[in-house]
Structure formats: structure tokens, C-alpha cells
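Below are the chains, spelled out letter by letter.
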There are 2 protein chains.
Amino acid sequence: MPLAEPVPDLISLDLLRSVADLGSIRRAAAAHTMSQPAASMRLRSLERTLGLELLDRSSGRARLTPTGSAVVQWSEAVFTAMGTLLLGTASLRTEGRGRLRLGASLTVAEYLVPGWLEQLRTVAPDVRVSLEMGNSHQVAEWVEAGRVDVGFVEGPEDVDGLGCGVVDRDDLVLVVDPSHPWARRRRPVGARELAGTPLVMREVGSGTREVLERALAGLGLGVTPLVELGSTTAIKAAVESGHGPAILSRLAVRIDVADGRLVVVPTEDLDLERSIRAIWARGRRLGRAARTLLTGVGVALP
Amino acid sequence: MPLAEPVPDLISLDLLRSVADLGSIRRAAAAHTMSQPAASMRLRSLERTLGLELLDRSSGRARLTPTGSAVVQWSEAVFTAMGTLLLGTASLRTEGRGRLRLGASLTVAEYLVPGWLEQLRTVAPDVRVSLEMGNSHQVAEWVEAGRVDVGFVEGPEDVDGLGCGVVDRDDLVLVVDPSHPWARRRRPVGARELAGTPLVMREVGSGTREVLERALAGLGLGVTPLVELGSTTAIKAAVESGHGPAILSRLAVRIDVADGRLVVVPTEDLDLERSIRAIWARGRRLGRAARTLLTGVGVALP
DNA sequence: GAGGGGCATAAGGATACCTTATACCCTCGT
DNA sequence: ACGAGGGTATAAGGTATCCTTATGCCCCTC
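First, a word on scope: everything that follows refers to the structure included in this document.

## Examining the protein's contact with DNA strand C
Moving on, step 1. Close to DNA strand C lie 21 residues; S35 and R42 of chain A together with R26, S40 and R57 of chain B are nearest.
Moving on, step 2. The protein-proximal atoms of DNA strand C, defined as those within 4 Å of the protein, are 69% sugar or phosphate.
Moving on, step 3. Here R26 of chain B contributes a backbone N or O atom positioned 2.9 Å from a phosphate oxygen of DNA strand C.
Moving on, step 4. One nitrogen or oxygen atom from the main chain of A62 of chain B is found 3.3 Å from a phosphate oxygen belonging to DNA strand C.
Moving on, step 5. Where the surface near DNA strand C is concerned, the elements lending two or more residues are α3 (36-50) of chain A together with α2 (25-31) and α3 (36-50) of chain B.
Moving on, step 6. Residues that form the surface near DNA strand C fall into these classes: 7 nonpolar, 8 polar and 6 charged.

Put into C-alpha cells, the structure is as follows:
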């Protein structure tokens, strides 16, 4: 659902943080290269938006109220998340011109790469990273062709001819909304019961759906689509609004499960696990940044 | 430091998420109660800002590119953080008119309360919560007077006459920037060495400073201020830019340490711990929401 | 090949925002 | 007590942004 309330904009929150850091609206304005009245108006508008008194202007210099201090603190997490987004988009924008060139499947790029980049940045802040996304087959090709230095793919099988190390593990899980009868269920859902239940699914051809279909086909069963949607986000929205259960990557629902918007239901008789592997060309020598990244994500280098 | 790059605004990111959910710009526009051209222009402007192609408009309906899907995913964390901020500010705005009235010290309100509220909302979404901030003494008074239902205070001592349970633990830690010589130090810093080192500090009278001064005074030592600043945020900014070490609440530096902007240096000979306690009036009966909250944060009720 | 759904463009108008200039206020020093 | 200085709010004017309605174009489907 769309954001309901009026949302404070990040520039104003950043300005408030600068007031906390620098001790006056004037200096905060200077740090943001804007005029003092502009900063003053933005801050007043922020106070109107939130309906709170953030600054105490009674004594000459503007000082943060306790409320203002709390808002600064709470906005810190927003900046961190936005920083991650900017880090990710910057690496996508770099398009192969970085000193460390990564390739990754969509799922890995979305859920894992930003964290690794953040971690890498703390030890090597100046390394320009580029990121390209594709399916596992494409990523392997790019690694072989030397178009990327390191690739990250998911899948049960090893990639031959390439250096390889398991980084993480991802499995498909059954999720429902919290008010669904299965949300409180402790007894696992079996393959037969799952096959007989209409599910919210991706359209035919998606990797996630293929894994599920293959696992069920191994038992002589098939899937029963309830509706077919075009994106993981759309599926999550449908499940959260109570349309029905779905099978999704655990990585994709991690945040939603943590926030309580979705509930994982245990399953049995189904092998829906796959590893996430780092791959690299054996022949080429890995750069310093690549080695730092790989050891950082837990890969033992030769 | 202020945000350098141009920051995408949350409404546009939210719009992009709606496109992913609903499958077309038109429907996303309708969900946001704006005209279709307005949504189209916002999305195009978002693509310009990020320098990336987020939507594939070639086939009639607009579909997200893999890049667009990644941006949606990354922005999810931004919405979560902003939701926490809005939850916190809403409870401050409610000012005692909520069905569950909380009081908390500044530190607890800033770092812990939003998480508890989020947790509470997943099991009781409709409870209106109000939050008031003050020092530990004020909070205890409010609880006694029945102005708030539950209070959260920090400090080593019990509050008598009130129901009480330890919720969490907070201690003061020594932090430096990652390039400081102490950042790699494994041997703990002793009280004498700490007293001889100029520190970035809060001004006289702050609770954090008092705890430190009392701990050192017990050993016949005193503090050596390097500079004195007015807020925790200002101190963190000074430490991060390499001005010198500081003693800060572990809660206050949790995110910065996780992100690698600050490093905790081990200390010894110093008792800088304090508990965070929930307090409530023994005489009054606790409401359902209050009991849910307290058991949720790990307090055993009578 | 005709119809329909969906997106982009154009024109016009309202709104929000920023900058410079200036007045007010508080604090501090003598 | 009084003046100087730093800091913030207000006013006026101009610009850029953003939205809405109207309309054209394109792709897909039947």
C-alpha cells in the first residue's frame, strides 16, 4: 500500500542532523550550501509536517529539543538504508568500469550484494565496484570471458572449470499472512497437501517456479496456481493481503517475516534448498579487492 | 556530513513499488491518487536521478527491469526505517491521549522504544500509544502520578514503591574512529590511561558524563576534556572525523559500530554499566496492551 | 485491420522553494 | 545599563517544479 501520512523529506532530516552536529541553523545551512532563511523555512516546515517542536529557538542559538534529538536518531536508520540503496545503484551505474567487477543473479544482487559492498567499503573505501545482474548461466559466462572478476550464482550444481566457494544458502519457503489458519500451524505441510493447495505464483519460466515444479514433479505431483503475478513484490503484496499462500525465496521474505507481515509455515518431503556460490576464473589472478571481498563473505581462497 | 549525491525522494520510490505490485503505471498512479501523467513524469525523473533504466516501457504495459526490481528491494529498507520514525513521532504527538501511555528516558526513547512499538504493533495493531520523554526522576514521578502506564528508566538503582523489571542493559564504551591507533588495540585501556587522554565529551551536567566522572572519581581520577559538545550526535561526528576518542552509551553507537564508522576499544578497571528497567505502579491494574508490551520485552509479570 | 488499454507529450496554472535584504532578539562584555 | 555581534525570523520577488486536463501514439488482441 502507498505511504499514507505525509512523509518528511530526507534533505530536511539531514538538515536537522546538521543542526545537531554544528549547533546552529546558520552553520547547518552553510554546510548544505543553502541560505540561512531557506534552512530556517525547511526546518519549520519539517516541524509542521511532523506536528512536533524539534528546535528550541528561545535562546538565540537554535538547540534541539529532546524530541528533535529523537527524530535525528530515528532518521539515522533512514540514512543508512538510503546509503545502501545509493551504493547499490552506483555500482549498477558503473557498468563494468569499476576496479572490482561483480556479476550476480537478481536475487543475490537484491538481497546480499549491498551488505557485502558496505562491508567492503569499511576496509577499502576507495574501491570502485561495478555490478551486473543476470541469470546464473549469464554470470558464469561473464566470469569465463573475463567481463567480471567475481560472480555470485545460486543453484544446486557446481560450475566446472571455475573457482568456486559456497557463500550462503537459500531455500524456498512456504509463507502465509499472519491471519491465515496455517500461520499457527506447527505440523509441517506435506508435498501432497501443498500440491493440492492453490498458490500465488510467478508466471511459467521463473526460476523460483521451476525449482518448485521440479521438486514436486520428482514426487509425481504438480502445482495449482491461484493467480500468476509478474514479480516477487506483487506476490508478497498478494499474500500479505490474504489472497493465499505462496512459495518464495527465504531471502526475499526475510524482512517481511521479521516485521511480522508474513509467516513461514514448515514443510516436509520437499527439497527446496540451493547454495549461493561465488565463482571466479581459475586462470586469472584475483585482484586485491576481489580477494578481500571473497574472504569477507567466508570463501576460503586457494 | 550532509548528503552528497542527489537523493531520490520516497514518494517516487513508493510509486515504483506500486508499479511492481500493480503491474502498470496507470494503476500505481490511481493507488496514489494522482494522475497518470504525473506518475509517469515522477518515474522518469527518478530514472534520471539514479541514472538507471528502471522500467521497460517497450511492450505496452510498463514492467520493471531487473535494475528496477533491485531498487524496489533496496528501498524496502528505507520504508521500514521511515515507518519506525513515523511510529515514534506519532506516539510523541499523541501526548498522553493514547490507550497505552509510556514514559521513557531520552536514550531509551531514541534507541529502544521504536523497536518495541513495532513489535507491539504486529500483535496489537490498533493500540494508540503515547510517549513522553524525560529524565529518570521525572519518568518515575509520572508513573506514580498515573500520568503514564509504564515507564522505562536507566540507572543502577531500584525504584522503590513501584513494580520493576530489568529490560536491557546499557554500558558506556570507549570509541574511536577506524584509523585511530587504538582501533586495532587488543589490550584494554586502563582507567589511569583513560583519565590521561583528552576526550570528546558532553558538557558538565550530562548524565553520560556524570557516570564517567563518578567511575573515575572512585579511583581518585578525573576526566580530561578535549572539546565539549552539546549533543551525542555532535560527539559522534567529531570522533568519526578523527578529533579524538569519546565515551558514549553503547546503544548510542550501535549503528555506527555496525557500519564501521566507529570502533569500540576495550577498557578495564571501569564499571560503566547500568540497567534499563521497566517501572509501573503496583496499585493500578495494568491494561492488556501494557501487559503485552512488558512480556514482549522480557519482563516477568506478577 | 479495427478496437482498446496504456503511456508519452503539450499547454496552462498553481504551488513550493530559494535568494537577497532587513528587522528583531538574545547574549555577552565593558 | 548600553552597545556590539552573532543568530534567527520575516518580507518581497523571481524561478523552478509539479500537477492537471486534453490529446496523440503505440502495442497488443481479437
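Picking up where we left off.
## Examining the side chain of T89 of chain B
Moving on, step 1. By the secondary structure assignment, T89 of chain B is in helix α4 (residues 66-94).
Moving on, step 2. Beyond its immediate chain neighbours, meaning those up to four positions away, T89 of chain B contacts L50, L52, V71 and W74 of chain A.

## Re the pattern of salt bridges
Residues and elements named next belong to chain A.
Moving on, step 1. One pass over the full model with this rule turns up 34 salt bridges over all chains.
Moving on, step 2. We note a salt bridge from R121 to E118, for which the minimum N-O separation is 3.6 Å. Of the two residues, R121 and E118 both sit in helix α6 (residues 113-123), 3 residues apart, roughly one turn of that helix.
Moving on, step 3. Several salt bridges share partner residues, and in doing so they unite K236, E240, D256 and R261 into one network.

## Let's talk about the protein's contact with DNA strand D
Moving on, step 1. Neighbouring DNA strand D are 20 residues, the closest being R26, S40 and R57 of chain A together with S35 and R42 of chain B.
Moving on, step 2. Within 4 Å of the protein, the atoms of DNA strand D are drawn from sugar and phosphate moieties in a proportion of 67%.
Moving on, step 3. Here a base nitrogen of DNA strand D and a side-chain polar atom of Q36 of chain A are 3.3 Å apart.
Moving on, step 4. Those elements that place two or more of their residues in the surface near DNA strand D are α2 (25-31) and α3 of chain A together with α3 of chain B.

## Considering the nonpolar core
Moving on, step 1. Ranked by size, the top nonpolar core spans 118 residues in total, and within it F152 of chain A together with F152 of chain B carry the most contacts.
Moving on, step 2. The residues contacting F152 of chain A, other than those within four sequence positions of it, are L102, G103, A104, S105, V108, W116, V139, V167, R277, A278 and L293 of chain A.
Moving on, step 3. Formed by 21 residues, the second largest nonpolar core is a distinct cluster that contains L174, M201, V211 and L216 of chain B.

## What to know about the relation of the copies chain A and chain B
Moving on, step 1. The two copies are related by a screw operation: chain A maps onto chain B through 180° of rotation and 0.0 Å of translation along the axis, at an RMSD of 0.2 Å. Such a combination of turn and shift is consistent with a two-fold rotation axis. The position closest to the rotation axis in chain A is occupied by the C-alpha of V78 of chain A, lying 2.8 Å away.
Moving on, step 2. The share of interface residues of chain A whose copies in chain B are also at the interface is 98%, consistent with both copies meeting through the same surface.

## Describing the pairing of strand β6 (residues 162-176) of chain B
All names here are of chain B.
Moving on, step 1. Burial within β6 is extensive, with 11 of its 15 residues counted as buried.
Moving on, step 2. With 9 bridges connecting them, β6 and strand β11 (residues 273-281) associate as antiparallel partners. Along β11, the bridge assignment pairs D168 with I276.
Moving on, step 3. As defined by bridge partners, β6 adjoins strand β9 (residues 246-249) across 4 bridges and the pair is classed as antiparallel. Across the sheet, the residue bridging to V175 is A246, located in β9.
Moving on, step 4. The pairing of β6 with strand β10 (residues 263-265) spans 3 bridges and is classified as antiparallel. Looking across to β10, one finds that V175 is bridged to V264.

Conventions and cut-offs
Residues numbered from 1 in each chain as written. Chains lettered and ligands numbered in written order. Predicted model: local features only at pLDDT ≥ 70, side-chain atom pairs only at ≥ 80, totals over all residues. Heavy atoms only, no water. Near = heavy atom within 4 Å. Polar contact = N/O pair within 3.5 Å; in protein donor to acceptor, adjacent residues only side chain to side chain. Helix = DSSP H or I, 4+ residues; strand = E, 2+ residues; numbered from the N terminus. Nonpolar A, V, L, I, M, F, W, Y, C, P; charged D, E, K, R; others polar. Contact = heavy atoms within 4.5 Å. Salt bridge = Lys/Arg side-chain N within 4 Å of Asp/Glu carboxyl O. Core = buried A, V, L, I, M, F, W, Y, C linked by side-chain atoms within 4.5 Å. Buried < 20%, exposed > 50% of the residue type's maximum accessible area, 1.4 Å probe, protein only. Least-squares fit on C-alpha atoms with pLDDT ≥ 70 in both. Pairing = 2+ DSSP bridges.

Worth remembering: the numbers are spatial, not functional.
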